[in-house]
Amino acid sequence: MSDQPSLFDEPESGSSSAGELNPAVVAEVNDLHTQLNQANYQYYVLDDPQLPDAQYDRLFHRLKELETQYPQLLTPDSPTQRVGAAPLSHFDQVTHEVAMLSLDNAFNEQDMRDFNRRILDRLKQTDAITYACEPKLDGIAVSLLYENGVLVRAATRGDGAVGENITQNIRTVPSIPLKLLGNDFPPVLEVRGEVYMPKKGFEAFNEKARANDEKLFVNPRNAAAGSLRQLDPKITASRPLEFCCYSLGRVDGADLPNTHSAILNLFSRWGFKINPEMKVVNGIEGCLEYYDNLAQKRNDLAYEIDGIVFKVDDINFQQQLGFVSRAPRWAIAHKFPAQEEMTLLKDVEFQVGRTGAITPVARLEPVFVGGVTVSNATLHNMDEIQRLDVCIGDTVIIRRAGDVIPQIVSVVQEKRPQDAKSIVFPKSCPVCESHVERIEGEAVSRCSGGLVCAAQRKEAIKHFASRKAMDIDGLGDKLVEQLVDEGLIESFLDLYSLKLADVANLERMAEKSAQNLLEAIEVSKQTTLAKFLYALGIREVGVATAQNLVNHFLDLRALVKADLEALLEVDDVGPIVAKHILSFFAEPHNQKIIDGLLNIGITWPAIEKKDSSELPLVGQTYVVTGTLASMGRDQAKEYLQRLGAKVAGSVSAKTSGLVAGEKAGSKLTKAQDLNITILDEDAFLALLSEHGIEHAG
Ligand code: IVH
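What you see is a predicted model; the values in this text were computed from it and never measured. (Residues numbered from 1 in each chain as written. Predicted model: local features only at pLDDT ≥ 70, side-chain atom pairs only at ≥ 80, totals over all residues. Heavy atoms only, no water.)

Draft legend 1. Representation of the overall build of the protein chain in the model. Helix and strand content of the protein chain: 24 helices and 24 strands. With the C-alpha coordinates aligned to their principal axes, the bounding extent of the protein chain is approximately 100 × 65 × 60 Å. Within the span of the protein chain, comprising 697 residues, buried residues form 47% of the whole. Long-range contacts, defined as pairs at least 24 residues apart, comprise 67% of the intrachain contacts of the protein chain with a sequence gap of at least 6. Surface summary for the protein chain: the accessible area is close to 35,300 Å², and the carbon and sulfur share equals 48%. Where the 72 positive side-chain charges of the protein chain centre and where its 98 negative ones centre are 3 Å apart. (Helix = DSSP H or I, 4+ residues; strand = E, 2+ residues; numbered from the N terminus. Buried < 20%, exposed > 50% of the residue type's maximum accessible area, 1.4 Å probe, protein only. Contact = heavy atoms within 4.5 Å. Areas by Shrake-Rupley, 256 points an atom, 1.4 Å probe, with all protein chains shown as cover. Lys, Arg positive; Asp, Glu negative; His and termini not counted. Charge placed at Lys NZ, Arg CZ, Asp CG, Glu CD.)

Quick look at the structure:
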């Protein structure tokens, strides 16, 4: 079918050819649309089928027949058009006319009470606020644009400002109307909601994939996202996706009701699925009660949810409250606590990190928790092992919250088998056999082998090559391990004398990639002093501290010569960090490596001696939180420091401003409470620009 109507497709008037359009045919096609749309709505949206399958098939078949005979009657909103059009080569970009916002999170009752309090205060209200409560579906957000009731465009959220055009794929989701029901819809309507894969569909999909030896999805959310990201809509069509709407995007040419709940009810009349659990409650107590009820029901729901969204129901109030940092002040997501599962602790191994820290790692009987299969969990240190009173062979409760590393939270003592084995912390390093020491007052035990220990050397080299350090493209963890294991390098200095033939001879290495690696190593010689300092891997010297040291000392010589007193003058450097810096530079081995690195030609631009009191943000302290769309947090911190500001890790009364990206959490709440200036990404970019920093996205 062609979208462009052709003059030559039109049947000649008065002729009795097969393609002739007569009003009765048009009426029949319209009637079939109405009947099939209604049947779809009852089946997929209301979950209440009215039409027998055979009857549906008969109507569908008849419509197809008419569309073949009269192609000019085949429109994109026809119920036959859900099966999937031709594959795309890429997704076009879509700019959202109204930004697609995200939500702030609440993690406990207090966060919720604080949210309610902020709203009452801002609105100067004493009466309880009416809230609309909805489950927070764990899928992906989409925007659906309808013109004169016909779906004309569907887009992903993307970064909130620009998403991808996924209209072809969205058409295949049966609970999304291609044409709105009724006739009282506005000429332009953008509806937003979540596309998700119900638990059953997800399990069935994975079961089939397992049987066919295909890749499984780790959780329903990834399944929904992966299904919508298909260039071939036929693949999307084969996935059991559903859509539930939760907000208005924009409306033109009509007035909508003045509460969120009434708008959603209207959407339901126009053919959208709204969450049957949606409820309007009174005040914070109503919210907390709703949360408790749904937490009980969570496992019985047909779909995954990760919390509850509470929204101020009154649209006037919403408008008064407005937005901050890409999240509305009038809504919040109260997250459910992390999910927990029981499994068996099969063994404990000890891993050695860059600084020699020895971490016990639990090897578990694999278990599905929080959306992924978990087979390892950290046990942190000996204290933690004692606190848990855990033995090998125990049944343990593990928890996986969001993206954090799985934790063992407790031991089911009643299930301890007779032959449970205590966990013995090694006295010597499992890698180099050096003595293991534990400094008084520290929880961590460390291998004393320093760079004698292959594990520490490997980690030091990985760190040196990493993106925020020397940024050696192509030198991944596996390759570092190979280079050390093959005896080609011992320290990161040796990277700069690697020979092409040696690298090319490594397993899974070709001449070309070896060449690329050597080039990347060469390129890394041009760096900045802050990156170089960070790359050295001095304990407790992260990206921000490295930058603070550079801002203070301006050159490496001055830093190396600095004594304790001088170091303590640097922002954010306390006695512990200062001690690590001093002992690092006092160590002859490190001195030799630094000299070596300088001798092979590592350089950085000299830093001008600027009177720091002239910098525009001098005397101000900023905190950066959340996700910024155009840059990483480290980059944001670096810019602030360049302008003379201090960057701190937590918000206090002394904070001058909070740069808050998306998904900002408790720091944002605290800053709001303390009435601290909050800069969203746009405001932050404007501040930078005002002081001569033009950040290119
Ligand atoms: S409202 C302005 N309601 O959560 C408010 N979002 O963290 C915009 N989500 O991107 C969102 N269920 O994908 C809202 N009932 C619900 C939701 C919901 C799931 C997702 C949505 C959004 C994310 C925000």
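Draft legend 2. Geometry of the pattern of salt bridges. Tallying each qualifying case throughout the model produces 29 salt bridges. Taking the shortest distance from any N to any O, the salt bridge between Glu 349 and Arg 363 comes out at 2.6 Å. Pair noted here: Glu 349 is in strand β14 (residues 339-352) and Arg 363 is in strand β15 (residues 357-369), with a separation of 14 residues, a long-range link. When the shortest N-O distance is used, the salt bridge between Asp 634 and Lys 468 registers 2.9 Å. Taken together, the residues Asp 634 in helix α22 (residues 633-642) and Lys 468 in the loop between α12 (454-465) and α13 (477-485) connect sequence positions 166 residues apart. A relative accessible area of 26% means that Asp 634 is categorised as partly exposed. Assessed through its relative accessible area of 36%, Lys 468 is described here as partly exposed. Among the ionic contacts, a cluster of salt bridges with common partners joins Arg 157, Arg 326, Glu 662 and Glu 681. (Salt bridge = Lys/Arg side-chain N within 4 Å of Asp/Glu carboxyl O.)

Draft legend 3. How the structure looks around the state of the cysteines. Evaluation of the coordinates by the stated rule reveals zero disulfides. Cys 432 carries a free sulfur, and the closest cysteine sulfur to it, the one in Cys 447, is 3.5 Å from it. For Cys 432, a relative accessible area of 22% corresponds to the partly exposed category. (Disulfide = S-S within 2.5 Å.)

Draft legend 4. Looking closely at the side chain of Ser 268. Positionally, Ser 268 belongs in helix α8 (residues 260-269). Not counting the four nearest positions on each side in its chain, Ser 268 is found in contact with Tyr 41 and Ile 274.

Draft legend 5. A look at the sheet that holds strand β8 (residues 242-252). Spatially, four strands are ordered β5-β4-β7-β8 in an open sheet, and the strand pairing comes out antiparallel. Either end of the sheet is taken by a strand with one partner, and the two such strands are β5 (150-156) and β8. Each neighbouring strand pair of the sheet contributes to a mean axis angle of 25 degrees, computed without reference to strand direction. Examined bridge by bridge, strand β4 (residues 140-147) and β5 share six bridges and lie antiparallel to one another. Paired with Val 142 across the bridge in β5 is Thr 156. (Pairing = 2+ DSSP bridges. Axes fitted to C-alpha atoms, helices over the stretch in contact; angles between N-to-C directions.)

Draft legend 6. A look at the site of the ligand. Contacts to the ligand come from 15 residues, most closely from Glu 134, Leu 137, Glu 194, Tyr 246 and Lys 311. Between the ligand and the protein, one listed contact pairs a nitrogen atom with a side-chain N or O atom of Glu 134 at 2.7 Å. When the ligand is considered free in solution it has 520 Å² of accessible area, and contact with the protein chains removes 90% of it. Put simply, the parts of the chain that give the shell around the ligand at least two residues each are β3 (130-137) and β10 (305-312). (Near = heavy atom within 4 Å. Polar contact = N/O pair within 3.5 Å; in protein donor to acceptor, adjacent residues only side chain to side chain.)

Draft legend 7. Here's a closer look at the packing of α12 against α13. Across the interface, α12 lies against α13 with an axial gap of 9 Å and an inter-helix angle of 135 degrees. One finds that α12 runs oblique with respect to α13. For the pair α12 and α13, the crossing hand works out as right-handed. Mapping the contact onto sequence places Arg 457, Lys 458, Ile 461 and Lys 462 in α12 and Asp 477, Val 480, Glu 481, Val 484 and Asp 485 in α13. A per-class count over the contact of α12 with α13 returns three nonpolar, no polar and six charged. (Parallel < 35°, antiparallel > 145°, perpendicular 65-115°, else oblique. Left-handed = near helix turned anticlockwise from the far one by under 90°. Nonpolar A, V, L, I, M, F, W, Y, C, P; charged D, E, K, R; others polar.)

Draft legend 8. Structural context of the nonpolar core. Membership of the largest hydrophobic core comes to 55 residues, with the highest contact counts inside it found for Ile 472, Leu 495, Leu 533, Leu 536, Leu 549 and Leu 597. Judged by nonpolar contacts, the second largest core, of 38 residues, contains Val 142, Met 197, Phe 202 and Ile 315. (Core = buried A, V, L, I, M, F, W, Y, C linked by side-chain atoms within 4.5 Å.)

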